[in-house]
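Chain by chain, the residues:
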Amino acid sequence: MTDQAAEDARPADAVGRALLQTTRALAVVGGLICGLLALMVTVSVSGRYLFSAPIRGDYDLLAIFTGVAIFTFLPYCQMVRGNVIVDFFTSNMAPSKKAVLDAFGTLLYLIIAIVFTWRLYHGMLQLRDSGEVIASYDFYRWWTVPFNLLCMIVLILAILYTLVRDIAVARQRIRLAEGGPEKG
């Protein structure tokens, strides 16, 4: 991500602010899920060690809800531009070229997110049709996937929003590199 993009990571327009608030709320939900999972693991391990009575299905619950928590963090991470960037090869590039590469990277991420969402939807349908449940409970494994899909849709919106901003920054940097007037 270019230096300018890092400075502009917080949106000033109404759409961006609403999207940031939505992604922030999802991230808070993810944090609460992680806290509850930590509590569950502590109780389960303590119960296993002290009383030979762990929480039934703790491994399955941990796996499923850790995945749910991860989905909640992705949109916020995109909105605040918190993804890991390896800029070893681009550190000496002109700002205009970096901005173009940032926009291209965001476009690739959008394509990947769309494909992943499409496949997640079909995976959910297969899980639903198979009727797979957690062994310890009557909890169908597909029940959390609609929420994960919602998180992915919000991620796609966040990527679209940041892509539009990246393209604007790239255009501005190219105009500056060509000696043209700066336009916002």
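Scroll up for the structure.
Summarised in this report is the structure supplied together with it.

Cut-off values and rules
- Residues numbered from 1 in each chain as written.
- Predicted model: local features only at pLDDT ≥ 70, side-chain atom pairs only at ≥ 80, totals over all residues.
- Heavy atoms only, no water.
- Helix = DSSP H or I, 4+ residues; strand = E, 2+ residues; numbered from the N terminus.
- Buried < 20%, exposed > 50% of the residue type's maximum accessible area, 1.4 Å probe, protein only.
- Contact = heavy atoms within 4.5 Å.
- Areas by Shrake-Rupley, 256 points an atom, 1.4 Å probe, with all protein chains shown as cover.
- Patch = residues over 30% accessible without salt bridge, like charges linked within 9 Å, V, L, I, M, F, W, Y side chains within 5 Å.
- Salt bridge = Lys/Arg side-chain N within 4 Å of Asp/Glu carboxyl O.

In this section: the overall build of the protein. The secondary structure content of the protein amounts to 5 helices and 0 strands. When the helices and strands of the protein are listed from N to C terminus, the series reads α-α-α-α-α. With the C-alpha coordinates of the protein rotated into their principal frame, the extents come out at 75 × 35 × 35 Å. The burial tally for the protein puts 33% of its 184 residues in the buried class. Put simply, of all contacts in the protein between residues at least 6 apart along the chain, 77% involve residues at least 24 apart. Split by element, the accessible area of the protein, about 11200 Å² in all, is 67% carbon and sulfur.

To continue, consider a nonpolar patch on the surface. There is a patch of nonpolar side chains on the surface, built from F104, L107, L108, I111, I112, V115 and W118 and spanning about 670 Å² of accessible area. Tracing the backbone shows L107 in helix α4 (residues 95-130).

Here the focus is the side chain of T117. Of note, T117 is situated in helix α4. Residues contacting T117, with those up to four places away along its chain left out, are L149, M152 and I156.

Under the criterion given, the structure shown has 4 salt bridges. When the shortest N-O distance is used, the salt bridge between D166 and R81 registers 3.0 Å. Of this pair, D166 sits in helix α5 (residues 145-177) while R81 sits in the loop between α3 (58-79) and α4; the two residues are 85 residues apart in sequence, bridging distant segments of the chain. Where R128 meets D129, a salt bridge forms, and the shortest distance between an N and an O atom there is 3.6 Å. By relative accessible area, which is 42% here, R128 ends up partly exposed. A relative accessible area of 61% means that D129 is categorised as exposed.

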